[in-house]
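# Structural characterization, general
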Amino acid sequence: SFTIVPPAFITVECDDDNANNINPYAVDGCDGTPSMLLDIQYDFNKNGCPNSYLATYTWTVGDKCGNTAEYVQKITVRDTTPPVIACPANIEIVSSVDVPVSWAVPKTKDNCGGNIAIVQIAGPPSGSIFEPNSITTITYICKDQCGNSSKCSFTVSVKKAGTKTGNNISGNVTD
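None of these values were measured; they are calculated from a predicted model.

On to the overall build of the protein, then. The secondary structure content of the protein amounts to zero helices and 15 strands. Relative to the 2.2 N^0.38 estimate, which gives 16 Å for 175 residues, the radius of gyration of the protein is 28 Å and therefore markedly larger than a compact globule would have. When the backbone C-alpha atoms are referred to their principal axes, the protein occupies close to 95 × 30 × 15 Å. By residue count, 33% of the 175 residues in the protein fall in the buried class. Taking all contacts inside the protein whose residues are at least 6 apart in sequence as the whole, residues at least 24 apart take part in 57%. Total accessible area on the protein stands at roughly 10400 Å², and carbon and sulfur atoms take up 51% of it.

Position of Val105 among the secondary structure elements: in the loop between strand S9 (99-101) and strand S10 (107-109). The spatial distance from the C-alpha of Val105 to the C-alpha of Thr58 is 46 Å, given a sequence separation of 47 residues.

Okay, the sheet that holds strand S4 (residues 35-44) next. The strand order across the open sheet built from four strands is S2-S6-S5-S4, with neighbouring strands paired in mixed fashion. Each edge of the sheet is formed by a strand with only one pairing partner; in this case those strands are strand S2 (9-13) and S4. For this sheet, the mean inter-axis angle between neighbouring strands, taken without regard to orientation, is 20°. In the sheet, S4 pairs with strand S5 (residues 53-62) via ten bridges, with the strands oriented antiparallel. Pairing of Met36 across the sheet is with Val61, part of S5.

Further remarks concern the confidence of the model for the protein. Of all residues in the protein, 91% attain a pLDDT of 70 or more, and the chain-wide mean is 88. The model gives residues 167-175 a pLDDT under 50, and that stretch makes 17 contacts with residues more than four places away or in other chains.

Turning next to the pattern of salt bridges. A side chain of one charge can pair with a side chain of the opposite charge if their charged atoms are brought near each other. Scanning all chains against the criterion turns up one salt bridge. Between Glu13 and Arg78 there is a salt bridge whose closest N-O contact spans 3.6 Å. In this pair, Glu13 is assigned in strand S2 and Arg78 in strand S6 (residues 68-78), connecting sequence segments 65 residues apart.

Right, let's get into unusual backbone geometry. One non-glycine residue with positive phi stands out, namely Asn133, at about 60°. Counting through the fold element by element, Asn133 comes out in the loop between strand S12 (128-130) and strand S13 (134-143).

The rules behind each value
- Residues numbered from 1 in each chain as written.
- Predicted model: local features only at pLDDT ≥ 70, side-chain atom pairs only at ≥ 80, totals over all residues.
- Heavy atoms only, no water.
- Helix = DSSP H or I, 4+ residues; strand = E, 2+ residues; numbered from the N terminus.
- Rg over C-alpha atoms; globule rule 2.2 N^0.38 Å.
- Buried < 20%, exposed > 50% of the residue type's maximum accessible area, 1.4 Å probe, protein only.
- Contact = heavy atoms within 4.5 Å.
- Areas by Shrake-Rupley, 256 points an atom, 1.4 Å probe, with all protein chains shown as cover.
- Pairing = 2+ DSSP bridges.
- Axes fitted to C-alpha atoms, helices over the stretch in contact; angles between N-to-C directions.
- pLDDT = per-residue confidence, 0-100.
- Salt bridge = Lys/Arg side-chain N within 4 Å of Asp/Glu carboxyl O.

Shown next, in the form of structure tokens:
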């Protein structure tokens, strides 16, 4: 018989380290070393999400006389955590003429891995021409394979040469 068992049903995030789960322990009155087998079955792509699945753990313990006992645990694994996105820092340029401005695509990371789609949803694309005396907000969104999303934004400020610009100048372009 099983003397220690894990919870019959648990739900965890896909990056769970299994620290909240235990393996069962079994004893037998006539057999000091009953054998235990574990069978794991997976049902992937729950709710259309490749990082969500159901894992069914079935432990079977048996003694030398052929007596057996079984314990089943169902673990629902899900992905409900949005990916992390980091936009470039705000860009400030000093110029008295139109100037092209480029930036790196935001960096992303997802706790479950897999592909992350990054799309710019506001502002002109990198490499566009910006006019003096303009402030433009650039916004990106990223989505993981399960539809969780995050946004980030930064500004491109082009100050006309000869105007006060502040202390955070990341580039200087002049005539």
